[in-house]
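Summary of structural features
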Amino acid sequence: LKWSENILNNIKNNVPIPRMYFPYIPKNISQYELNKKKSIFLAILLPISLRGNELVLEERKLMEMAFSTGNIYQIEQLSKKYKVENFKTLNFSSLNRSQLKIIRLQLMDKINSIPISMILAQSIIESGWGSSRFAQEGNALFGQWTWESNKGIKPIGNLDAKFSVKNFKSLLDSVNSYILNLNTHPAYKELRNFRSSQYKVDKTITGNEMANFLEKYAEIGFEYVIKVKNMIKKNKLDQFENSKLVIF
């Protein structure tokens, strides 16, 4: 608890926070009263969320380097990971200049960061401040589904469901999967288009703005957008937008 308070104080004072990545949410987090529980959850998730964004931005640099040096192997690997159009049928060994340009533009749209306040808001909503069964048993912070029975947790009361909630080895794996999901799934194409349009004119995107494109994240549709935006506002999550990890 004391550690979490120090982390949040660092943010208020614009001090970079330590690179401490908890592998899982403490089992006793629900025993704390609500405000303390919130502090612990935010202090745990903040450095992990920042690291997730750091990793995807490192991958963006890797992608730019691959195109500048003509590293076709790297271009192929990133194209598969980020599901560029027709990536399964493309012959990467014989791409022409026009095809490479199209792939590069797609990857530029897809490989980028997510506003911290939105990451935090969705993890809070989907995991109940880290106290949900899925978060406790499977490090599942974002309610991502899987149809592979050995990679998920079945919902209680619906054991015959064809889907499971995807589980992860660590919280960082969960954050990385969530970021990749927003960066690749067709449902979030408008989100990525908006991000790209703002990025091109050097505008900083807030979680409140990007949340407008989460209508397809949950079955409740636009109500989910309102839910995320309210979570950001109520808990003042925008204060974490410019937080930073300590430099190596």
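The structure displayed is predicted, hence computed values, not measured ones.

Procedures and definitions
Residues numbered from 1 in each chain as written. Predicted model: local features only at pLDDT ≥ 70, side-chain atom pairs only at ≥ 80, totals over all residues. Heavy atoms only, no water. Core = buried A, V, L, I, M, F, W, Y, C linked by side-chain atoms within 4.5 Å. Buried < 20%, exposed > 50% of the residue type's maximum accessible area, 1.4 Å probe, protein only. Helix = DSSP H or I, 4+ residues; strand = E, 2+ residues; numbered from the N terminus. Contact = heavy atoms within 4.5 Å. Phe/Tyr/Trp six-rings, centres within 6.5 Å; stacked < 30°, edge-to-face > 60°. Lys NZ or Arg CZ within 6 Å of the ring centre and 35° of its normal. Axes fitted to C-alpha atoms, helices over the stretch in contact; angles between N-to-C directions. Parallel < 35°, antiparallel > 145°, perpendicular 65-115°, else oblique. Left-handed = near helix turned anticlockwise from the far one by under 90°.

Concerning the nonpolar core
In terms of nonpolar packing, the biggest core is built from 63 residues, with L107, M118, Y178, L214, V228, L237 and F240 touching the most fellow members. Only α1 (2-12), α2 (34-69), α3 (72-81), α4 (97-110), α5 (116-127), α7 (171-184), α8 (189-200) and α10 (222-234) provide two or more residues apiece to this core. Each residue touching Y178, except ones within four places of it in the same chain, is listed here: I114, M118, I119, Q122, F142, Q144 and Y217.

Describing the packing of aromatic side chains
In total, this model carries six aromatic pairs according to the counting rule given. Note on Y188 and Y217: the rings are 6.0 Å apart at their centroids and 35° apart in plane angle, and the pair reads as tilted. In this pair, Y188 is assigned in the loop between α7 and α8 and Y217 in the loop between α9 (207-210) and α10, connecting sequence segments 29 residues apart. In this structure, Y188 and Y217 share a single accessibility class: buried. Directly above the aromatic system of Y24 lies the positively charged group of K27, at a separation of 6.0 Å from the ring centroid.

What about the environment of N6?
Mapped onto the fold, N6 is located in helix α1. With a relative accessible area of 38%, N6 lands in the partly exposed category. N6 sits 11 residues away from I17 along the chain, and the two C-alpha atoms are 9.2 Å apart.

Notes on the packing of α2 against α5
Closest axis-to-axis distance for the α2/α5 pair is 10 Å, and the angle between their directions is 130°. Comparing the axis directions of α2 and α5 gives the class oblique. Between α2 and α5 lies a crossing of right-handed hand. Here F41, L42, L45, L46, S49, L50 and N53 of α2 come into contact with α5, specifically with I116, I119, L120, S123, I124 and S127.

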